[in-house]
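Listed below are the residues making up each chain.
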Amino acid sequence: MPADGVPLLKVEDLRVSFGRDEPRGTVVKGVSFTLHPGRCLGIVGESGSGKSVTARSIVGLAGLGGFVHAKTIAFNGHSLIGQADRQWRRIRGRHIGYILQDALTSLDQLRSVGREVGEGLELHGVTRSAAERDARVVELLTSVGLPDPAIKARQLPSELSGGQRQRALIASALALDPELLIADEPTTALDVTVQAQVLDLLEQTKARGKALILISHDLAVVSRMADEVIVMCNGDVVEQGPAAEIFARPRHGYTRRLIDAIPSAHRRGSRLAPASAPRLRVAEEVRPEAVASGPLLEASGLVKRFRGPDKILRTAVAGVSFALAQGETLGIVGESGSGKSTVARIVMALEEPDEGYVRLNGLPWTGIAERERRARRRFIAMVYQDPLSSFDPRWTIERIIADAIPDTEAHRPGRVSELLNLVSLPASHRGRRALDLSGGQRQRVAVARAVASRPNVIVCDEPVSALDVSVQAQILDLLGDLKRELGVSYLFISHDLGVVHHVSDRVLVMSGGEVVESGEADDVFLAPRHPYSRTLLAAVPRLPIAPAA
Amino acid sequence: MSSTDQALVFRAVERRRSAVAAFVRTLPPGVAVAALVIVLFVAAAAAPGHLQTHNPFRTDLYATLQPPSLAHLFGTDQSGRDLFSRVVEGTRQSLTIGIGATGLSLSIALLLGVTAGLAGGAVDAAISRFLEVLFAFPNLFLALLFVTVFAATPATLVIAVGIGTAPGYARMIRGQFLSVKRAGYVEAARTLGHSYGRVVRQHIFPNAMRPLVVMITLGLGQSIVWASGLAFLGLGVAPPSPEWGALLDAGRHYVTRAWWLEVMPGLAIIAFALSATVVSRHLQDRLEGRVHAG
């Protein structure tokens, strides 16, 4: 319900440009909105859309070399344009709270959480004594649901988990009870259950009559919180209006594509991105070599323990067993620390299991000498979350891919071009370096390298977590195409339940190193039996409407 | 080689040449000056005769301890020898000692650092403890000890400075290897089934060695300062030689009457060490910038 009177924040025709020379690169091209107390504005868009710069400009932190122009930026009826730094400092924290994306880098590593949260109280002279401040800090940390707040207040940010740090950061933004809270991707790095807690917290703040600007690439998160939504693309506002309206009837093609690209909203295995690219043409010889019957990959009773810095043994993987058949995709979901990446490393024979074994193509894969394994490593390949760090920085794309082609056929001309073609990258990219490519292109190169040795199994460890949804959709489509046309099997690891549901035939749900539930993807996701699976699924924010198939 | 291949090679050479031109054009003025200074010193070392105004060894008892003038740019010493010509003459020996010491130091450091970094485990522990013992002594003390035990010749100076500066480099190289060994691309190469030797050859060695260029240029200036310091203490090349440190040593008896005997060789040392450092810092920025910005 629209409030009457003067809006808390009124922004008219906000433009932000960067660069010393004319013409400057304009990154925000005219954003206008009004925000009333107790309302939430969501700004969605992909990386580079200008959503963060928009928010930062409102609090006078556009960044070095940024030029901000606006007809109006009025807070509580007072114009914020042309403020001196000193005036800004009085407004920031006191009246406008700002929550940054990365809690680890936004909190001072060398100061206790309590001091960080209490800093604003002290600076703005709200509390008079240290005792009063400490009491208020504990109160704040309690209000954001941090366990053992009195102890946590004395700890350093690095001693807290990611979710706890994010909540501490929110506590510091709430410390002075500002009328407006700006949250820039507040839950992006968090597990779903923690994300749900953080969103609950923001919702309570909103219910107390505070205004909220929520910036996110995640449409489902925004749809849960926002009353009004701005969709940005390359600095332009492509669509703006009431949230329910936009998610139910997106008018702009870009919004439509963003919604379509979300895997959870789709039937499993269908294409996510518009099929503009020509269908892949796969030569017969690219197919992996046929193998004997039986599972390609078999893991039985895997146990792995690590000794922490405090010399205490911790069990990372506690008895994990599974089998992967030809042409199948097995998804592993779990939150951070569930042991899913350790399973991937054991399967890649980068770690030896303490107990249990892995068999690949019917032959022992763990418990043997690396020398025996080496020749068979070509049958199993890996795609990493961060492709860039898996490429030698000195190498060109061509060399990276050629290096993965087995020596027996390394000199066959055209193989690299063929592989680039397979992942829909132009052959002209072969001379480039990975640094010059976009995130999606890098992941395509990683996929090309993975299929270069014609493996039976590809292990994907969070392959799309670092990508924008539309790029994620393209990579997922590519993996799907390769599965159909090359007959490879995937072990697909992700924290994103929507993604795993979309790609997997069968699913393992991991928690605390154990498999708590396994089964057909639809069974697990539509009718979870284990309480943990249910909690996990319940925590996933969903779009309010089912888009047309 | 087909004609297209040749064309490609040609284009690659062309690109490299234009890259060099672009590199020179974008040099900041300070770095350009420093590079020019180094070129001058290298010229002095290669062909001292072309730069000298006098015979550096000819004494002239009618012109002893002359202050700097147009006739004698850096003045003359107690025997009337032209100091400028002597500084030019000494360049070769000083640079040779500097290069030799840096070379020796890096060789020792490479041997220890690469072994420790690649082998790990007990070998790494042993080498690291050994380096820590060396670190416990002040660097200069090690060099002094060596020069006092053996006769002070240019060769012992090279060895003394080389040994004195090696532990620092060794530790740096070891760290490089350890961090590159943990890089994602090394693990990726392992999963491709490449042998350890191939991974070391293709990835670990070239990437770990990237900072070496910078270390060499930094080390050069440092070694020359060291060698000169030892010579000044009377533990380097003996005074009749125009090695820079020896010039300083010879001049200190007259420092109250003839300041130029100390200042001019000192300036040469400072100019070289400073230029080498400026150039290497610039190289470092360039190389690292390339890593980050592509």
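Conventions and cut-offs
Residues numbered from 1 in each chain as written. Chains lettered and ligands numbered in written order. Predicted model: local features only at pLDDT ≥ 70, side-chain atom pairs only at ≥ 80, totals over all residues. Helix = DSSP H or I, 4+ residues; strand = E, 2+ residues; numbered from the N terminus. Buried ≥ 20, exposed ≤ 12 C-beta atoms within 10 Å, placed from the backbone. Rg over C-alpha atoms; globule rule 2.2 N^0.38 Å. Domains from an automatic or database assignment. Contact = placed C-beta atoms within 7 Å. Nonpolar A, V, L, I, M, F, W, Y, C, P; charged D, E, K, R; others polar. Core = buried A, V, L, I, M, F, W, Y, C linked by C-beta atoms within 7 Å. Pairing = 2+ DSSP bridges. Axes fitted to C-alpha atoms, helices over the stretch in contact; angles between N-to-C directions. pLDDT = per-residue confidence, 0-100. Expected span 1.5 Å × (residues − 1). Bend = angle between axes of the 7 residues up to and from the residue. Left-handed = near helix turned anticlockwise from the far one by under 90°.

On a plain count of helices and strands, chain B comes out with twelve helices and zero strands. When the helices and strands of chain B are read in sequence order from the N terminus, they spell out α-α-α-α-α-α-α-α-α-α-α-α. Expressed as lengths along the three principal axes of its C-alpha atoms, the size of chain B is roughly 80 × 55 × 30 Å. Evaluated residue by residue, chain B yields a buried proportion of 39% over its 294 residues.

Looking only at helices and strands, chain A has 20 helices and 21 strands in total. For 549 residues, the compact-globule estimate of 2.2 N^0.38 gives 24 Å, and chain A sits close to it at 25 Å. Projecting the C-alpha coordinates of chain A onto the three principal axes gives extents of approximately 75 × 55 × 45 Å. Taking all 549 residues of chain A together, 46% fall into the buried category.

The next thing to look at is the domain arrangement of chain A. All names here are of chain A. Domain assignment breaks chain A into domain 1 (1-95 + 179-260), domain 2 (107-177) and domain 3 (304-539). For domain 1 and domain 2, the distance between their C-alpha centroids amounts to 25 Å. Opposite the twelve residues of domain 1 that make contact, domain 2 presents twelve residues. Class assignment for the residues of the side of domain 1 that touches domain 2 results in seven nonpolar, three polar and two charged.

A few words on the nonpolar core. Within soluble globular proteins, side chains that are nonpolar generally end up buried alongside one another. With 162 residues, the main nonpolar core has Ile182(A), Val347(A), Ala448(A), Val457(A), Val459(A) and Leu491(A) as its most contacted residues. The leading source of residues in this core is helix 17 (residues 469-486) of chain A, at nine residues. The residues touching Ile182(A), leaving out its near neighbours within four places in the chain, are Ala55(A), Val59(A), Ile96(A), Tyr98(A), Ile99(A) and Ile213(A). Judged by nonpolar contacts, the second largest core, of 62 residues, contains Val88(B), Ala143(B), Val180(B) and Ile204(B).

Residue and element names in this part refer to chain B. Topologically, Arg86 is positioned in helix 4 (residues 83-119). With 28 C-beta atoms counted inside 10 Å, the residue Arg86 sits in the buried group. When the C-alpha positions of Arg86 and Leu247 are compared, they lie 8.4 Å apart, and in sequence the two are 161 residues distant. Excluding anything up to four places from it in sequence, Arg86 contacts Pro56, Arg81, Pro242 and Leu247.

The complete set of buried residues in helix 11 (residues 253-260) of chain A reads Thr255(A), Leu258(A) and Asp260(A). Looking at the buried positions of helix 11 of chain A, the neighbouring elements they touch are helix 9 (219-225), strand 10 (228-233), strand 11 (236-242), helix 10 (243-248) and helix 17 of chain A.

Interface size is commonly expressed as the accessible surface area that is lost when the partners come together. In this assembly, 22 residues from chain A lie in contact with 14 residues from chain B. Put simply, the parts of the chain that give the side of chain A that touches chain B at least two residues each are strand 17 (380-383) and helix 14 (397-404) of chain A. A per-class count over the side of chain A that touches chain B returns ten nonpolar, three polar and nine charged.

Attention shifts here to unusual backbone geometry. All names here are of chain A. The phi dihedral of Asp148 is positive, around 50 degrees, even though this residue is not glycine. Within the secondary structure layout, Asp148 lies in the loop between helix 5 (130-143) and helix 6 (149-152). Notably, Asp177 is not glycine yet its phi reads approximately 55 degrees, a positive angle. Looking at where Asp177 falls in the secondary structure, it is placed in the loop between helix 7 (162-174) and strand 8 (180-184).

As a further point, take the sheet that holds strand 3 (residues 40-44) of chain A. Residues and elements named next belong to chain A. As summarised here, the arrangement of the six strands in space is 7-8-9-3-10-11, forming an open sheet in which the pairing is mixed. Each edge of the sheet is formed by a strand with only one pairing partner; in this case those strands are strand 7 (96-99) and strand 11. Averaged over all adjacent pairs, the angle separating strand axes in this sheet is 15 degrees, with direction ignored. Pairing analysis gives six bridges linking strand 10 to strand 11, with the strands arranged antiparallel. By the bridge assignment for strand 11, Val229 is matched with Gly241.

Residues and elements named next belong to chain A. Across chain A, the average pLDDT comes to 85, with 91% of residues at 70 or higher. Across chain A, strand 18 (residues 457-461) holds the top mean pLDDT of 95, while helix 3 (residues 103-106) sits lowest at 67. Overall, residues 276-287 carries pLDDT values under 50, and its contacts beyond four positions in sequence, including any with other chains, amount to 13 contacts.

Residues and elements named next belong to chain A. When you tally the buried positions in strand 10, you get six out of six residues, the bulk of the element. Residues Glu228, Ile230 and Met232 line one face of strand 10 and the alternating positions Val229, Val231 and Cys233 line the opposite face, and both faces are buried. Across four bridges, the pairing between strand 3 and strand 10 is parallel. Residue Leu41 lies in a different strand from strand 10, and its bridge partner there is Glu228. Counting the residues in the hairpin turn of strand 10 and strand 11 gives two residues, including Asn234, whose phi is positive at 50 degrees.

Residue and element names in this part refer to chain A. Its location among the elements puts Ser106 in helix 3. Look at Ser106 and you get partly exposed, because 16 C-beta atoms sit within 10 Å. Linking Ser106 and Leu169, residues 63 residues apart in sequence, is a C-alpha distance of 8.0 Å. Residue contacts for Ser106: discarding those within four places in its chain leaves Leu100 and Leu169.

Another point: the sheet that holds strand 18 of chain A. All names here are of chain A. Strand order in the open sheet made by the six strands is 17-18-19-14-20-21, with mixed pairing throughout. Edge positions in the sheet fall to strand 17 and strand 21 (514-520), since each of these pairs with one other strand and no more. Pairs of neighbouring strands in the sheet enclose a mean axial angle of 15 degrees, with direction left out of account. Pairing geometry for strand 14 (residues 329-333) and strand 19 (residues 489-494), over five bridges, is parallel. Among the inter-strand pairings, Thr329 is bridged to a residue of strand 19, identified as Tyr490.

This part is about helix 7 (residues 154-181) of chain B. Given a rise of 1.5 Å per residue, 28 residues ought to cover 40 Å, and the 39 Å separating the end C-alpha atoms of helix 7 of chain B matches this to within 8%. Helix geometry: helix 7 of chain B is bent most strongly at Ala166(B), by close to 40 degrees, with proline Pro167(B) lying one to four residues after it.

This paragraph deals with the pairing of strand 14 of chain A. All names here are of chain A. The element strand 14 is extensively covered by neighbouring structure, given that five of its five residues are classed as buried. Burial along strand 14 is two-sided: the residues Thr329, Gly331 and Val333 and Leu330 and Ile332 are all buried. Bridge analysis of strand 14 against strand 20 (residues 506-511) gives four bridges, and the strand direction is parallel. Bridge pairing links Ile332 to Leu508 in strand 20.

Residue and element names in this part refer to chain B. Of all residues in chain B, 90% have pLDDT values of 70 or greater, and the mean over the chain is 84. Contacts for the low-pLDDT stretch residues 290-294, under 50 throughout, to residues beyond four places or in other chains number four contacts. Reported confidence for the predicted complex is 0.75 by ipTM and 0.77 by pTM.

Take the packing of helix 4 of chain B against helix 7 of chain B next. Between helix 4 of chain B and helix 7 of chain B, the least distance of the axes is 5 Å, while the angle of their chain directions is 35 degrees. Crossing hand, helix 4 of chain B versus helix 7 of chain B: right-handed.

Turning our attention to the packing of helix 4 of chain B against helix 5 (residues 121-136) of chain B. Residue and element names in this part refer to chain B. Look at helix 4 against helix 5: their axes get within 7 Å of each other, and the N-to-C directions meet at 145 degrees. Of the two possible hands of crossing, helix 4 and helix 5 adopt the one that is left-handed. Residues Leu112, Thr115, Ala116 and Ala119 of helix 4 form the contact with helix 5, whose participating residues are Gly121, Val123, Asp124, Ile127, Ser128 and Leu131. Across the contact of helix 4 with helix 5, the residue classes break down as six nonpolar, three polar and one charged.

With that settled, consider the environment of Gly245(B). Residue and element names in this part refer to chain B. Its place among the elements puts Gly245 in helix 11 (residues 244-251). Owing to 30 C-beta atoms within 10 Å, Gly245 belongs among the buried residues under this scheme. As for Gly245 and Gly234, which are separated by eleven residues in sequence, their C-alpha atoms are 8.8 Å apart. With residues near it in sequence (within four places) discarded, Gly245 still touches Ala227, Ser228, Gly229, Leu230, Ala231, Phe232, Gly236 and Val237.

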